[in-house]
Amino acid sequence: MPAERGYRFRRRFGYPGRIDAYERVWLTFEGMAGRVEVRLNDHILGQRNEAAGTFEFEVTALLRPRNELV
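Rules and cut-offs
- Residues numbered from 1 in each chain as written.
- Predicted model: local features only at pLDDT ≥ 70, side-chain atom pairs only at ≥ 80, totals over all residues.
- Heavy atoms only, no water.
- Core = buried A, V, L, I, M, F, W, Y, C linked by side-chain atoms within 4.5 Å.
- Buried < 20%, exposed > 50% of the residue type's maximum accessible area, 1.4 Å probe, protein only.
- Helix = DSSP H or I, 4+ residues; strand = E, 2+ residues; numbered from the N terminus.
- Contact = heavy atoms within 4.5 Å.
- pLDDT = per-residue confidence, 0-100.
- Phe/Tyr/Trp six-rings, centres within 6.5 Å; stacked < 30°, edge-to-face > 60°.

Caption draft 1: Highlighting the nonpolar core. Core analysis: the biggest nonpolar cluster contains 14 residues, and V38, L40 and V59 have the highest contact counts within it. Secondary structure elements with two or more residues in this core: β2 (26–29), β3 (36–40) and β5 (55–58). Take this core: its biggest share by element is three residues, from β3. Ignoring anything within four residues of it in the chain, the contact list for V59 reads V25, L27, L40 and L45.

Here is the structure:
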């Protein structure tokens, strides 16, 4: 049986401007299939085995001046 092939997506981004205390930042994902693990700044946001469909994470408290999404 052939080995399962994996892909890695990496995106670096800055803090998204001024965020008021009542505002929240969400990362939304769509169009991913198979097993998916999402990390922001080395913090695991979540995993999905069948990632079809849309899923999202509220990440306001995890944001830094420079961020890395993997």
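Caption draft 2: Main features of the confidence of the model for the protein. Here the protein averages 88 in pLDDT, and 90% of its residues register 70 or above. Mean pLDDT values for the elements of the protein range from 92 in strand β4 (residues 43–48) up to 97 in strand β6 (residues 66–69).

Caption draft 3: Local environment of the packing of aromatic side chains. Under the criterion given, the structure shown has three aromatic pairs. On the numbers, 5.3 Å between centres and 20° between planes, the contact of F29 with F55 is stacked. With a gap of 26 residues between them, F29 in strand β2 and F55 in strand β5 connect regions that are remote in the sequence. For the pair F29 and F55, one class covers both residues: buried. Pairing F29 with F57 gives two aromatic rings, centres 6.1 Å apart and planes at 65°, and the pair type is edge-to-face.

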